[in-house]
Amino acid sequence: QVQFVESGGGLVQPGGSLRLSCVGSGFTFRVNSMSWYRQAPGKERELVASIAFDGKGTDYIASVKGRFTISRDNAKRTLYLQMNSLKPEDTAVYYCNRPRGAAFATWGQGTQVTVSS
């Protein structure tokens, strides 16, 4: 069955960096566009960034553009999110899945990112 395993989160000071990873299994990873989402306490889950199946197209929400970089390694079935210049408002649980509208019903446990001094 479909499974996502996210990792790489942690506690970081404002201005710091983290690199998140997500391994997908149970589906043909290499032919699917993929996305990172996040959910802050008391808020809806929001799509943060997306990447085309071949890695040649990316898209970001305005609040992370220029700070976050999404990438993928299809041979490793792994999606990445490099997060730089982190801000307290980036604090959330981060998840991966296919883009909204095509997302699988199954979600991973996510990885907690906390930005605080």
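Just so you know, these numbers come straight off a predicted model, no measurement behind them.

About the criteria used
Residues numbered from 1 in each chain as written. Predicted model: local features only at pLDDT ≥ 70, side-chain atom pairs only at ≥ 80, totals over all residues. Heavy atoms only, no water. Salt bridge = Lys/Arg side-chain N within 4 Å of Asp/Glu carboxyl O. Helix = DSSP H or I, 4+ residues; strand = E, 2+ residues; numbered from the N terminus. Buried < 20%, exposed > 50% of the residue type's maximum accessible area, 1.4 Å probe, protein only. Pairing = 2+ DSSP bridges. Axes fitted to C-alpha atoms, helices over the stretch in contact; angles between N-to-C directions.

Enquirer: Before we move on, could you go through the pattern of salt bridges and cite the residues and values that matter?
Expert: Under the counting rule described, the total for this entry stands at three salt bridges. Here Arg 38 and Asp 90 are joined by a salt bridge, their closest N and O atoms 3.0 Å apart. Highlighted residues: Arg 38 in strand E4 (residues 34-39) and Asp 90 in the loop between strand E8 (78-83) and strand E9 (92-97), separated in sequence by 52 residues. Note on accessibility: Arg 38 and Asp 90 belong to one class, buried. A salt bridge links Asp 90 to Arg 67; the shortest N-O distance between them is 2.7 Å. Of this pair, Asp 90 sits in the loop between E8 and E9 while Arg 67 sits in the loop between strand E6 (58-60) and strand E7 (68-73); the two residues are 23 residues apart in sequence, bridging distant segments of the chain. With relative accessibility at 1%, the residue Asp 90 sits in the buried group. A cluster of three or more residues bridged by salt bridges with shared partners is formed by Arg 38, Glu 46, Arg 67 and Asp 90.

Enquirer: Which residues make up the sheet that holds strand E3 (residues 18-25), and what values go with them?
Expert: Across the sheet, which stays open at both edges, the four strands sit in the order E1-E3-E8-E7 with antiparallel pairing between neighbours. Strands with a single pairing partner mark the edges of an open sheet, and in this sheet they are strand E1 (3-7) and E7. This sheet shows a mean twist of 15° between the axes of neighbouring strands, independent of strand direction. Across six bridges, E3 lies against E8 in antiparallel orientation. Bridge pairing in E8 places Leu 20 opposite Leu 81.

Enquirer: Which residues make up the pairing of E4, and what values do they have?
Expert: In terms of residue burial, E4 counts as a mostly covered element, since five of its six residues are buried. Two elements, E4 and strand E5 (residues 46-51), share five bridges in a ladder whose sense is antiparallel. Across the sheet, the residue bridging to Trp 36 is Ala 49, located in E5. The hairpin turn running from E4 into E5, its antiparallel successor, is six residues long, and Gly 42 in that turn takes a positive phi close to 75°. As paired strands, E4 and E9 are joined by five bridges and run antiparallel to one another.

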